[in-house]
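Structural characterization, general
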Amino acid sequence: MAYPGKHAGVFIANDLVAEINDATFTINGEIVDISSFDSGGWRERLLNLRDASISISGFYVSDDTTGQNVLRTAILTQALVEDVKVLADVNVATSGFICDAFVETFEINAAVEGAVTVSISLQSSGQIAVSS
């Protein structure tokens, strides 16, 4: 069942990452060429390794100890963030795309005319689950 974007959230375990207002979950597949002399002049391909990239952004909240601070600490310590849930329905915290991930970038931006923002990118590690 469809739900409005305003109900989407990003969770670490069952804790909502505060003030995120944009999230993208992209599943990537590596295509390898397996063409041979027997391919009859046509390329043949095989889907090989898969992973996901995650991009989230919103307003920076320095005291979000169970969300943004966990992600910031993870990149500083090279730690794996377990049980990341992206595009989950905030009314059903076990929904969405679920995976473990490493934080690739953690960017904080401030401008005189606006609020301090945060942009975070992650790369999955291991299997991806989908739950509704």
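Placed above this text is the structure.
Residues numbered from 1 in each chain as written. Predicted model: local features only at pLDDT ≥ 70, side-chain atom pairs only at ≥ 80, totals over all residues. Heavy atoms only, no water.

Right, let's talk about the sheet that holds strand β6 (residues 96-109) for a bit. One open sheet holds the 7 strands; their spatial order is β2-β1-β5-β6-β7-β4-β3, and the pairing between them is antiparallel. Strands with a single pairing partner mark the edges of an open sheet, and in this sheet they are β2 (15-16) and β3 (20-33). Pairing between strand β1 (residues 8-12) and β2: 2 bridges, direction antiparallel. Looking at β2, one finds that I12 is bridged to D15. Across the sheet, helix α1 (residues 68-77) is in contact with β1, β3, β4 (45-59), β5 (80-89), β6 and β7 (117-131); its angle to β6 comes to roughly 80°. (Pairing = 2+ DSSP bridges. Helix = DSSP H or I, 4+ residues; strand = E, 2+ residues; numbered from the N terminus. Contact = heavy atoms within 4.5 Å. Axes fitted to C-alpha atoms, helices over the stretch in contact; angles between N-to-C directions.)

Once that is clear, we can look at the layout of surface pockets. There is about 160 Å³ of room inside the largest pocket. Contributing to the lining of the largest pocket are G5, A8, G9, V10, L16, V17, I20, N21, D22, A23, L87 and V90. For the lining of the largest pocket, the elements supplying multiple residues, two or more each, are β1 and β3. Broken down by element, the lining of the largest pocket gets its largest block of residues, 4 residues, from β3. Class assignment for the residues of the lining of the largest pocket results in 8 nonpolar, 3 polar and 1 charged. (1 Å grid on protein atoms, 1.4 Å probe; cavity = no way out; pocket = protein on both sides within 12 Å on 5 of 7 lines; lining within 4 Å. Points joined across faces, edges and corners; volume = space filled by probe spheres on them. Nonpolar A, V, L, I, M, F, W, Y, C, P; charged D, E, K, R; others polar.)

Here the focus is the side chain of S124. With respect to the element layout, S124 can be found in strand β7. At a separation of 2.8 Å, a polar atom in the side chain of S124 contacts the main-chain amide nitrogen of A52. Setting aside residues up to four positions removed in sequence, S124 forms contacts with D51, A52, C99, D100 and A101. (Polar contact = N/O pair within 3.5 Å; in protein donor to acceptor, adjacent residues only side chain to side chain.)

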